Amino acid sequence: MDAEQQLAALLNDLPGHHEARFWRDLKDAAGLYRIRSTMASAVQEAQNGDFDPLAAFVLDVFNREDQLKDITKVLATHLGTTVRARAWISDAIAAADRFSRAHAVNPLEDLAEKW
């Protein structure tokens, strides 16, 4: 499974747009202003073939070390356990990161410039 499909599958585990309470709680836990509309826009972009906004969304929302405990708590209420929530977060960040690295303009050129 490629990074795009894995990312979509992981995000499909979350509640849909209509479950405002989950998204409001996640927004509060992550300390973000807009989350549900950002997710909706990212999904639309992904449907059009651009997964960058979806990967950026995952990294912006879930890769927050200082709010990880609160984010995990919100996810655990939906996924069932804290362990599953932590695993989900790790998997989602890894998939988003893999996607971001795989779609870098020219990672070898970037590396060559560093060395």
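Coordinates for the structure precede this section.
Here the structure is a predicted model, which means the values were calculated and not measured. (Residues numbered from 1 in each chain as written. Predicted model: local features only at pLDDT ≥ 70, side-chain atom pairs only at ≥ 80, totals over all residues. Heavy atoms only, no water.)

A. The arrangement of the overall build of the protein chain in detail. The helix and strand inventory of the protein chain stands at 7 helices and 0 strands. Put simply, the protein chain has 115 residues, and 33% of those count as buried. Sequence separation of 24 or more characterises 60% of the internal contacts of the protein chain that already satisfy a separation of 6 or more. In the form shown here, the protein chain has an accessible surface area of approximately 7,400 Å², with 49% of it arising from carbon and sulfur atoms. (Helix = DSSP H or I, 4+ residues; strand = E, 2+ residues; numbered from the N terminus. Buried < 20%, exposed > 50% of the residue type's maximum accessible area, 1.4 Å probe, protein only. Contact = heavy atoms within 4.5 Å. Areas by Shrake-Rupley, 256 points an atom, 1.4 Å probe, with all protein chains shown as cover.)

B. Quick peek at the nonpolar core. Judged by nonpolar contacts, the single largest core of 34 residues is most densely connected at Leu 26, Phe 57, Phe 62, Leu 75 and Trp 88. Counting only elements with at least two residues in this core, the list comes to helix 1 (3-12), helix 2 (20-30), helix 3 (36-47), helix 4 (52-62), helix 5 (68-79) and helix 6 (82-102). The element best represented in this core is helix 6, accounting for 8 residues. Those residues in contact with Phe 62 that lie beyond four places of it in its chain are Leu 14, Leu 26, Phe 57, Leu 68, Ile 71, Leu 75, Trp 88, Ile 89 and Ile 93. (Core = buried A, V, L, I, M, F, W, Y, C linked by side-chain atoms within 4.5 Å.)

C. How the structure looks around the side chain of Gln 67. Take Gln 67: it is sitting in the loop between helix 4 and helix 5. Owing to a relative accessible area of 18%, Gln 67 belongs among the buried residues under this scheme. The residues contacting Gln 67, other than those within four sequence positions of it, are Ala 29, Ala 30 and Gly 31.

D. How the structure looks around the environment of Ala 92. As for its position among the elements, Ala 92 is in helix 6. For Ala 92, a relative accessible area of 0% gives the class buried. Separated by 33 residues in sequence, Ala 92 and Leu 59 place their C-alpha atoms 8.3 Å apart. Among residues more than four places away in sequence, those in contact with Ala 92 are Leu 7, Leu 10 and Val 58.

E. Region of interest: the layout of surface pockets. Quantified by volume, the largest pocket comes out at close to 320 Å³. As for the largest pocket, its lining consists of 16 residues, and the residues nearest its centre are Leu 11, Asn 12, Met 39, Ala 40 and Val 43. Elements represented by at least two residues in the lining of the largest pocket include exactly helix 1 and helix 3. Top element by residues in the lining of the largest pocket is helix 3. It accounts for 6 residues. (1 Å grid on protein atoms, 1.4 Å probe; cavity = no way out; pocket = protein on both sides within 12 Å on 5 of 7 lines; lining within 4 Å. Points joined across faces, edges and corners; volume = space filled by probe spheres on them.)

F. Expanded view of helix 1. Of the positions making up helix 1, those classed as buried are Ala 3, Glu 4, Leu 7, Leu 10 and Leu 11. An end-on view of helix 1 places all buried positions within 130° of arc, on one side of the element. (Arc of directions from axis to C-beta.)

G. A look at helix 3. Between its terminal C-alpha atoms helix 3 stretches 17 Å, which fits the 16 Å expected from 12 residues at 1.5 Å a residue. Within helix 3, the full set of buried residues consists of Met 39, Ala 42 and Ala 46. Take helix 3 and look down its axis: the buried residues cluster within an arc of 65°, on one side only. Where helix 3 is buried, its residues touch helix 1, helix 2 and helix 4. Looking at the residues trailing helix 3, positive phi occurs at Gly 49, about 100°. (Expected span 1.5 Å × (residues − 1).)

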